[in-house]
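Here's the letter readout for the chains.
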Protein chains: 2
Amino acid sequence: MERVCFTLQVRPERLDEYKQRHQGVWPEMLRALSETGWHNYSLFLREDGLLIGYLETPDFQNALERMEALEVNQRWQREMAPFFKGLAGRPDEGMMRLEEVFHLD
Amino acid sequence: MERVCFTLQVRPERLDEYKQRHQGVWPEMLRALSETGWHNYSLFLREDGLLIGYLETPDFQNALERMEALEVNQRWQREMAPFFKGLAGRPDEGMMRLEEVFHLD
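The residue count restarts for each chain, going from 1 along the sequence in the order it is written. Labels follow written order: the first chain is A, the first ligand is 1, and so on. Restriction of local features to residues with pLDDT of at least 70 applies here, the model being predicted, together with a cutoff of 80 or more for giving and counting side-chain atom pairs; totals for whole chains, interfaces and linings are based on all residues.

1. As for the overall build of chain A
Working step 1: Runs of H or I in DSSP of at least four residues are treated as helices and runs of E of at least two as strands, each being numbered from the N terminus. The helix and strand inventory of chain A stands at five helices and five strands.
Working step 2: In chain A, the order of α-helices and β-strands from amino to carboxyl end is β-α-α-β-β-α-α-α-β-β.
Working step 3: To get the radius of gyration, use the C-alpha atoms; to get the globule rule, take the number of residues to the power 0.38 and multiply by 2.2 Å. Radius of gyration (C-alpha) of chain A: 13 Å, near the 13 Å computed for a compact globule of 105 residues.
Working step 4: Taken along the three principal axes of its C-alpha coordinates, chain A extends 35 × 30 × 25 Å.
Working step 5: Put plainly, a residue is buried at 20 or more neighbouring C-beta atoms within 10 Å of its own, exposed at 12 or fewer, and partly exposed in between, counting only other residues' C-beta atoms, which are placed from the backbone. Each of the 105 residues in chain A was classed as buried or not, and the buried ones make up 25%.
Working step 6: We call two residues in contact when the distance between their C-beta atoms, placed using the backbone, is within 7 Å. Counted over contacts in chain A with a minimum sequence separation of 6, partners at least 24 positions apart contribute 70%.

2. Quick word on the packing of helix H2 (residues 27–35) of chain B against helix H4 (residues 71–80) of chain B
For any two helices packed against each other, one specifies the crossing angle of their axes together with the interaxial distance.
Residue and element names in this part refer to chain B.
Working step 1: For every element, the axis is a line fit to its C-alpha atoms; helices are fit only across the contacting stretch, and the angle between N-to-C directions ranges from 0 to 180 degrees. Closest axis-to-axis distance for the H2/H4 pair is 9 Å, and the angle between their directions is 120°. Here H4 runs oblique to H2, going by the angle between their axes. Seen along the crossing, H2 lies across H4 with a hand that is left-handed. Contacts between H2 and H4 pair Glu28, Met29 and Ala32 from the former with Val72, Asn73 and Trp76 from the latter.
Working step 2: Of the residues assigned to the contact of H2 with H4, the class counts are four nonpolar, one polar and one charged. The scheme is simple: roughly parallel for angles under 35 degrees, roughly antiparallel for over 145, roughly perpendicular for 65 to 115, oblique for anything else. The sense of a crossing depends on the near helix, which, turned anticlockwise from the far helix by less than a right angle, makes the crossing left-handed and, turned clockwise, makes it right-handed. Polar here means any residue other than Ala, Val, Leu, Ile, Met, Phe, Trp, Tyr, Cys and Pro, which are nonpolar, and Asp, Glu, Lys and Arg, which are charged; Gly is therefore polar.

3. Considering the interface of chain A and chain B
Working step 1: The interface is formed by 28 residues belonging to chain A together with 28 residues belonging to chain B.
Working step 2: When residues of the side of chain A that touches chain B are traced back to their parent elements, those giving at least two are strand E1 (2–9), helix H1 (15–23), helix H2 (27–35), strand E2 (39–45), strand E3 (50–57) and strand E5 (99–104) of chain A.
Working step 3: Considering only residue class, the side of chain A that touches chain B consists of 16 nonpolar, six polar and six charged.
Working step 4: As paired strands, E2(A) and strand E5 (residues 99–104) of chain B are joined by five bridges and run antiparallel to one another. Along E5(B), the bridge assignment pairs A:Ser42 with B:His103. Here, strands pair whenever DSSP counts at least two bridges between them.

4. Focus: the sheet that holds E2(A)
Working step 1: Pairing in this open sheet of five strands is antiparallel, and the strands run E4(A)-E1(A)-E3(A)-E2(A)-E5(B) from one edge to the other. Lying at the two open borders of the sheet, with one neighbouring strand each, are strand E4 (96–97) of chain A together with E5 of chain B.
Working step 2: The sheet contact formed by E1(A) and E4(A) spans two bridges and is antiparallel. If you follow A:Phe6 over to E4(A), its bridge partner there is A:Arg97.

5. Looking at the relation of the copies chain A and chain B
Working step 1: Once chain A is rotated about the relating axis by 180° and shifted along it by 0.0 Å, it coincides with chain B to within an RMSD of 0.0 Å. One copy is carried onto the other by what is essentially a two-fold rotation axis.
Working step 2: Counting the interface residues of chain A, we find that 100% of their copies in chain B are interface residues as well, pointing to one common contact surface. To line up the copies, we fit them by least squares on C-alpha atoms, keeping just the residues with pLDDT of at least 70 in both.

Right, here's the structure in full:
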């Protein structure tokens, strides 16, 4: 399994709404994530809008590409895009992946 | 299990050394982490020095307090402190914990 961590930047004025939307992620979107290999997937939010994603997946590049191809993901990403700062395209294209520098099972 | 995510800020000019030190964490320190409940623990580093920690633990407050009490951790934290920015005390006292806003098993 690859352990993946990425960051994005949520607009500070839209944090509450962002949180609320993530309490009601569409079941079809959750199913798509599971089926394309997004496991133990969490999003964490800092008060200044820093969003941190963590997930485990057999192959992150593959998991990304399989999600990108799905219509439900395109709809979701279009709805999420206005919540983010500094994005040219869709949020799933703007994720900044971080290097893992330490791990302990 | 609690899923915990925290951030710290590493001095950009010391990133390489920070990474190097984390390839050789003392075995005694690793054992202490495991024994005090730090599981599936990763550190991720962004190029600007943003350090992100992720771990799973039965009780984070308890895991922190048990580590704080150990001599090996005090030694480790003293050696790590100069790598960080904006810390008044030890790194393990300066961790900023983030709110989990989404999770998918």
